[in-house]
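Coordinate analysis (summary)
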Amino acid sequence: MIDSLLLAFALMLVFEGIMPFALPSVWRSAMQKMAELDDFKIRLIGLGCLLAGLVLALLAR
């Protein structure tokens, strides 16, 4: 189980690093726009990511 969690964490880091590596100016602009959002919208985005991740994890099983 720890191997699976470590692999999942490693893949998350790879995917998180793609945008800043490939398109740093676009990534910076997106982060600036995210910083300007109110807390409710950020929570909705977080909830959407959580739900999408859960659905993908269930489909992968």
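Note that the structure is a prediction, hence the values are computed from the model and not measured. (Residues numbered from 1 in each chain as written. Predicted model: local features only at pLDDT ≥ 70, side-chain atom pairs only at ≥ 80, totals over all residues. Heavy atoms only, no water.)

1. Some words on the UniProt feature "transmembrane region" (unreviewed entry) in the chain
In the numbering used here, UniProt assigns the "transmembrane region" (unreviewed entry) feature to residues 40–60. With 100% helix and 0% strand, residues 40–60 has end C-alpha atoms that lie 30 Å from one another. (UniProt positions renumbered as here; feature names shortened; annotations may be inferred. Helix = DSSP H or I, 4+ residues; strand = E, 2+ residues; numbered from the N terminus.)

2. As for the packing of helix 1 (residues 2–22) against helix 2 (residues 24–35)
At their nearest, the axes of helix 1 and helix 2 sit 5 Å apart, and the two run at 115 degrees to each other. Here helix 1 lies roughly perpendicular to helix 2, going by the angle between them. Together, Met19, Pro20, Phe21 and Ala22 of helix 1 and Pro24, Val26 and Trp27 of helix 2 make up the contact between the two elements. Among the residues making up the contact of helix 1 with helix 2, the classes are represented as 7 nonpolar, no polar and no charged. (Axes fitted to C-alpha atoms, helices over the stretch in contact; angles between N-to-C directions. Parallel < 35°, antiparallel > 145°, perpendicular 65-115°, else oblique. Contact = heavy atoms within 4.5 Å. Nonpolar A, V, L, I, M, F, W, Y, C, P; charged D, E, K, R; others polar.)

3. Here's the deal with the layout of surface pockets
Looking at the largest pocket, its volume works out to about 230 Å³. Residue lining of the largest pocket: Glu16, Cys49, Leu50, Gly53, Leu54, Leu56, Ala57 and Ala60, and that is the complete set. Top contributing element to the lining of the largest pocket by residue count: helix 3 (residues 39–60), with 7 residues. A breakdown of the residues in the lining of the largest pocket according to their chemical character gives 6 nonpolar, 1 polar and 1 charged. (1 Å grid on protein atoms, 1.4 Å probe; cavity = no way out; pocket = protein on both sides within 12 Å on 5 of 7 lines; lining within 4 Å. Points joined across faces, edges and corners; volume = space filled by probe spheres on them.)

4. A closer look at a nonpolar patch on the surface
Side chains of Met19, Leu23, Val26, Trp27, Met31, Met34 and Ile45 sit close together on the surface and give an oily, nonpolar patch of about 560 Å² of accessible area. At 4 residues, helix 2 tops the list of elements feeding residues into the nonpolar patch. The topology assignment puts Leu23 in the loop between helix 1 and helix 2. For Leu23, a relative accessible area of 42% corresponds to the partly exposed category. (Patch = residues over 30% accessible without salt bridge, like charges linked within 9 Å, V, L, I, M, F, W, Y side chains within 5 Å. Areas by Shrake-Rupley, 256 points an atom, 1.4 Å probe, with all protein chains shown as cover. Salt bridge = Lys/Arg side-chain N within 4 Å of Asp/Glu carboxyl O. Buried < 20%, exposed > 50% of the residue type's maximum accessible area, 1.4 Å probe, protein only.)

5. Digging into helix 3
If you check helix 3, its first and last C-alpha atoms are 31 Å apart, about what 22 residues at 1.5 Å a residue would give, namely 32 Å. One side-chain oxygen at the N-terminal end of helix 3 lies 3.1 Å from the backbone nitrogen of Phe40; it belongs to Asp38. (Expected span 1.5 Å × (residues − 1). Polar contact = N/O pair within 3.5 Å; in protein donor to acceptor, adjacent residues only side chain to side chain.)

6. Topic: the confidence of the model for the chain
Parts of the prediction with low pLDDT should not have their coordinates interpreted in detail. In the predicted model, the chain carries a mean pLDDT of 94, and 100% of its residues have values of at least 70. Here helix 1 is the element of the chain with the lowest mean pLDDT, 93, and helix 2 is the one with the highest, 96. (pLDDT = per-residue confidence, 0-100.)

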